[in-house]
Amino acid sequence: SMTEINDLVGGVTVTVPNNDLAAKHPDLKEGSVVTLDDSNVEDFLRYRDIQTDFSNEGRIQRQQAYITAYIGQFRELLQTDLESAWDKTEEMTDHLQTSITKSKYLGLAKLLESVSFDDTDYYRPEGTDQLGDLHDEFYLDEDNMEKLIIDLFYEPISQT
């Protein structure tokens, strides 16, 4: 469904964050601004070199660049033609499954207009990367994770 979701906004224009794909796709060099299409969107979102330790980091960077750009372009589509965006989504029923009603969709579209969404909206858990016997391994810093959860999802109450 990646190509169909990408096509919904006319292809996503991103600034390539790293050189992970430059050998396979010479146009996807770090710093290049490209519009992803059917020929490269899947590699951009999914590829990682499993022969290179910790290659998932590069993939995460590309996914973050993609979703940030996608949200911006989807927001523009909603602002210019809300009904058309719904119609295009409905046309994707073979590739997209949702229980969202049109009414709920319109509410979510309005909500999307009112929230910011940029690189500062991502939180990555702190921890340590280590080489395992078969795979790269990540060991979460549980104390930092608990603090992040409290900071993000709880509000202090005053005790008087």
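Our subject is the structure listed above.
Overview of the structure.

Reading the values: the criteria
Residues numbered from 1 in each chain as written. Predicted model: local features only at pLDDT ≥ 70, side-chain atom pairs only at ≥ 80, totals over all residues. Heavy atoms only, no water. Helix = DSSP H or I, 4+ residues; strand = E, 2+ residues; numbered from the N terminus. Expected span 1.5 Å × (residues − 1). Buried < 20%, exposed > 50% of the residue type's maximum accessible area, 1.4 Å probe, protein only. Arc of directions from axis to C-beta. Patch = residues over 30% accessible without salt bridge, like charges linked within 9 Å, V, L, I, M, F, W, Y side chains within 5 Å. Areas by Shrake-Rupley, 256 points an atom, 1.4 Å probe, with all protein chains shown as cover. Salt bridge = Lys/Arg side-chain N within 4 Å of Asp/Glu carboxyl O. Polar contact = N/O pair within 3.5 Å; in protein donor to acceptor, adjacent residues only side chain to side chain. Contact = heavy atoms within 4.5 Å.

1. Regarding helix α5 (residues 102-114)
Then, number 1: Relative to the 18 Å expected for 13 residues at 1.5 Å per residue, α5 spans 19 Å between its end C-alpha atoms, a close match to the ideal helical length.
Then, number 2: Residues Tyr105, Ala109 and Leu112 constitute the buried set of α5. Mapping the buried residues of α5 onto a view down its axis gives an arc of 60 degrees, with all of them on the same face. Seen from the open side of α5, the exposed residues pointing more than 90 degrees away from its buried face are Ser103, Lys104, Lys110 and Ser114.

2. Considering a nonpolar patch on the surface
Then, number 1: A cluster of nonpolar residues, Tyr123, Ile149, Ile150, Leu152, Phe153 and Tyr154, forms a patch on the protein surface that exposes about 650 Å² of accessible area.
Then, number 2: With respect to the helices and strands, phenylalanine 153 occurs in helix α6 (residues 142-153).
Then, number 3: Classification of phenylalanine 153 as exposed rests on a relative accessible area of 63%.

3. What to know about unusual backbone geometry
Then, number 1: Even without being a glycine, phenylalanine 54 presents a positive backbone phi close to 60 degrees.
Then, number 2: Mapping phenylalanine 54 onto the fold places it in the loop between α2 (41-46) and α3 (56-80).
Then, number 3: What makes phenylalanine 54 partly exposed here is its relative accessible area of 28%.

4. A short note on the side chain of aspartate 43
Then, number 1: Along the polypeptide, aspartate 43 turns up in helix α2.
Then, number 2: Judged by its relative accessible area of 17%, aspartate 43 falls in the buried class.
Then, number 3: One polar contact links aspartate 43 to histidine 25, side chain to side chain, over a distance of 2.8 Å.
Then, number 4: With near-sequence residues (within four places) excluded, aspartate 43 lies in contact with Leu21, Lys24, His25 and Arg62.

5. Quick word on the environment of histidine 95
Then, number 1: For histidine 95, the location among the structural elements is in the loop between α4 (82-91) and α5.
Then, number 2: On the basis of relative accessibility, which here comes to 36%, the residue histidine 95 falls in the partly exposed class.
Then, number 3: When the C-alpha atoms of histidine 95 and threonine 68 are compared, they prove to be 22 Å apart, with 27 residues separating the residues in sequence.
Then, number 4: Setting aside residues no more than four positions away along its own chain, histidine 95 makes contact with Ser1 and Glu4.

6. Quick notes on the pattern of salt bridges
Pairs may arise between side chains of opposite charge once their charged atoms sit close together.
Then, number 1: Tallying each qualifying case throughout the model produces six salt bridges.
Then, number 2: The residue arginine 48 makes a salt bridge to aspartate 136 at a minimum N-O spacing of 4.0 Å. Residue arginine 48 is located in the loop between α2 and α3, and its partner aspartate 136 is located in strand β4 (residues 136-140); the two are separated by 88 residues in the primary sequence.
Then, number 3: The residue glutamate 57 makes a salt bridge to arginine 124 at a minimum N-O spacing of 2.7 Å. Taken together, the positions of glutamate 57 in helix α3 and arginine 124 in the loop between α5 and β3 (127-131) put the pair 67 residues apart, joining distant regions of the chain.
Then, number 4: Looking at glutamate 57, the relative accessible area reads 30%, which means it is partly exposed.

Worth remembering: the numbers are spatial, not functional.
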